[in-house]
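# Tertiary structure, described
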Amino acid sequence: MKTPALKIRTPEGIVFSQQLAGPVTRFLAWSLDLCCIAAIMSMLGLAIGFLQLISLNLAMAVYTIGYFVVGIGYGITCEWLWRGQTVGKHLFRLRVVDAEGLRTQFSQIVIRNLLRFVDSLPLFYFTGGLASWFNSKCQRLGDLAANTVVIRVPRLATPDLEQLLGGKFNSLGQFPHLAARLRQHVSPAEAGLALQAVLRRDEFEPLARVELFEQLAAHFRAKTIFPPEAIDASPMNNTCEMCWTWFTV
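It should be emphasised that the depicted structure is a prediction, and the values quoted were computed from it without experimental measurement. (Residues numbered from 1 in each chain as written. Predicted model: local features only at pLDDT ≥ 70, side-chain atom pairs only at ≥ 80, totals over all residues. Heavy atoms only, no water.)

## Here we look at unusual backbone geometry
Rule in force here: The numbering of helices and of strands both runs from the N terminus, where a helix is a DSSP run of H or I of at least 4 residues and a strand a run of E of at least 2.
Omega for the bond connecting L121 with P122 falls within 30 degrees of zero, at -10°, which places this linkage in the cis form. With respect to the secondary-structure elements, P122 resides in the loop between α6 (116–119) and α7 (126–134). Positioned with a positive phi, R83 is a non-glycine residue whose angle comes to about 55°. Along the chain, the position of R83 falls in the loop between α3 (56–81) and α4 (87–91). Backbone geometry places C138, a non-glycine residue, at a positive phi of 55°.

Have a look at this one:
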């Protein structure tokens with residue numbers, strides 16, 4: 001079965017897609033995470049072993065509470081600190097993102113992990129696997145409640161956004177004729193959309209963010225001829241300058 005892709009249309013009218021992770025791959029990733037949880041619980045069991053000398057019931061109670069805390073806290077902690085990834089998801093190149101392609105909020109991570117026990121019923125993630133198998137976005141019940149999806153991370157290095165933005169701004173002020181042609185051919189509505197994309201750039205995941213600005217830059221480059229030296233910097237910076245040229249000149 002071919003894994004579907006998530007089509008996302010931004011308010012700026014740009015459409016980009018991200019490949020969704022299927023239930024089989026997600027199950028394999030979670031199997032690795034279960035091994036990590038089991039290792040943590042083994043260490044916890046050794047740590048509370050002395051309680052058995054005091055009270056076996058107390059030791060069992062502490063271990064049960066610990067299993068709940070670790071089972072839930074593992075996913076919440078990893079996905080929050082590692083931006084939607086656990087150990088299993090990292091090894092299988094998967095990531096949890098908002099269903100609209102934005103970064104997941106802490107509340108979304110908590111909700112999807114709290115419902116993990118429901119998805120695991122009655123055994124081996126049967127409920128969650130069944131839900132994701134018949135869902136067009138491969139969402140389990142926790143994903144539906146949190147409005148999240150799990151996507152495949154392509155074999156590409158995550159863009160270094162600090163390098164793109166730090167001290168490498170390609171100002172079109174050095175090309176007054178190009179700026180004038182852009183003001184002539186770019187409508188206020190188009191410039192406004194580009195400005196909104198710039199203002200919301202931090203809401204997008206790095207890969208989706210670069211893809212969005214590449215498409216915006218291509219749209220503006222189609223409006224007029226750019227000298228080679230004006231497009232040496234990143235598409236993101238060019239697009240930023242285009243919209244600001246319209247509004248500030």
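After that view, the rundown keeps rolling.
## Overview of the nonpolar core
Selection rule: The set of buried Ala, Val, Leu, Ile, Met, Phe, Trp, Tyr and Cys residues whose side-chain atoms join them within 4.5 Å is what this entry labels a nonpolar core. Buried, partly exposed and exposed residues are distinguished by accessible area as a fraction of the type maximum, computed with a 1.4 Å probe on protein chains only: under 20%, between the cut-offs, and over 50%, respectively.
The biggest cluster of nonpolar side chains holds 15 residues, and the ones touching the most others in it are L6, F16, L20, V149, I151, F213 and L216. Listed by contribution, the elements that provide at least two residues to this core are β1 (5–9), β4 (148–152), α11 (188–199) and α12 (206–221). Counting residues per element, this core draws most heavily on α12, at four residues. Core analysis: the second largest hydrophobic core is formed by eight residues, L178, V186, A191 and F226 among them.

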